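As a plain string of letters, each chain reads:
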Amino acid sequence: MDDEQLIIERAKSDPEAFGILFERHYPAIFAYIHRRVGDWDAANDLTSEVFLKAFKGLWKYRWQGVPFSAWLFRIATNEVRMHFRKGTRPTLSLDQMSEECGFEPLDPASLEAEKLEAERKLKEYEDFLLVREKVLLLGLKYQDVIALRYFEQKSIKEIAEILHKREGTVKSLLSRGIAKLRALF
C-alpha cells in the first residue's frame, strides 16, 4: 500500500486524517474550479462542497490504483457542471476583486504558490478570457475535457478516469471540441 492509500483508509475511521488529504489536494482542486468558473467566491464555495462531498462519501471510495485526486477532480467537475446549470454570476478578475472588495487571501503562506500562478495567469488575462468565453459556448462534455486537458494538464488516461469514459471517447471529445473551438475563432 502506498502512503495515500493508507491515509485514505485511516480517514474512513479518523476524520482528522481527512485533513491530510484536504491539505494535499485543496490547492489543485481550488485552482481547477477557479479557472473553470472565473469567480473567487464561487470557487471557494464549490471547492468546499467538493471536499464536503468527498468527506461524506469517503466510506464508498475503493482504492483501484487510480490516484485519489482523480476522484476529487470528478466531484469537482460535477460541481462545476451543476454551477453552470444553475446560472452564474458575472466574472470578476482578481484585480477587480482587490479594488472593489478589498480581496486578501486568508492564509498567504498556503496560498503563496497559487498567488504566484494567479499573477502569471493575470498577465495572460485577456487572452484567457477570450478563450474561456469561447469554451463556454461549447457543450459541457467538450468543456470538461478541454478544461482538464489544457487548463489542468491532465493526461488522456487521467481524464478518462475522472469522467468515467473510455480513452478513445476522451480523444474523440477533445478532437471535436477543439474543432468546434477553432470554428468559433
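Residues numbered from 1 in each chain as written. Predicted model: local features only at pLDDT ≥ 70, side-chain atom pairs only at ≥ 80, totals over all residues. Heavy atoms only, no water.

(A) Expanded view of the overall build of the protein chain. Counting its secondary structure elements, the protein chain contains 10 helices and 0 strands. Secondary structure elements in the protein chain, listed N-terminal to C-terminal, are α-α-α-α-α-α-α-α-α-α. In the protein chain, which comprises 185 residues, the proportion classed as buried is 43%. Contacts in the protein chain between residues far apart in sequence, at least 24 positions, make up 65% of those at least 6 positions apart. If you sum the accessible surface of the protein chain, you get close to 10,800 Å²; carbon and sulfur atoms cover 53% of it. (Helix = DSSP H or I, 4+ residues; strand = E, 2+ residues; numbered from the N terminus. Buried < 20%, exposed > 50% of the residue type's maximum accessible area, 1.4 Å probe, protein only. Contact = heavy atoms within 4.5 Å. Areas by Shrake-Rupley, 256 points an atom, 1.4 Å probe, with all protein chains shown as cover.)

(B) The arrangement of the packing of aromatic side chains in detail. Taken as a whole, this structure holds 9 aromatic pairs when the rule is applied. Ring centres of Phe22 and Tyr26 lie 5.1 Å apart, and the angle between their planes is 40°; on these two criteria the pair is classed as tilted. Here Phe22 pairs with Tyr26, and both are found in helix α2 (residues 15–37), just 4 residues apart, close to one helical turn. Overall, the relative accessible area of 18% leaves Tyr26 in the buried class. Both rings, one in Phe22 and one in Phe51, keep their centres 4.8 Å apart while their planes meet at 70°; by these two values the pair is edge-to-face. With Phe22 in helix α2 and Phe51 in helix α3 (residues 40–57), the pair connects residues that are 29 residues apart, well separated along the chain. For Phe51, a relative accessible area of 4% corresponds to the buried category. (Phe/Tyr/Trp six-rings, centres within 6.5 Å; stacked < 30°, edge-to-face > 60°.)

(C) Structural view of the environment of Trp59. In this fold, Trp59 is placed in the loop between α3 and α4 (68–86). Taking C-alpha positions, Trp59 is 5.8 Å from Lys12, a pair spaced 47 residues apart along the chain.

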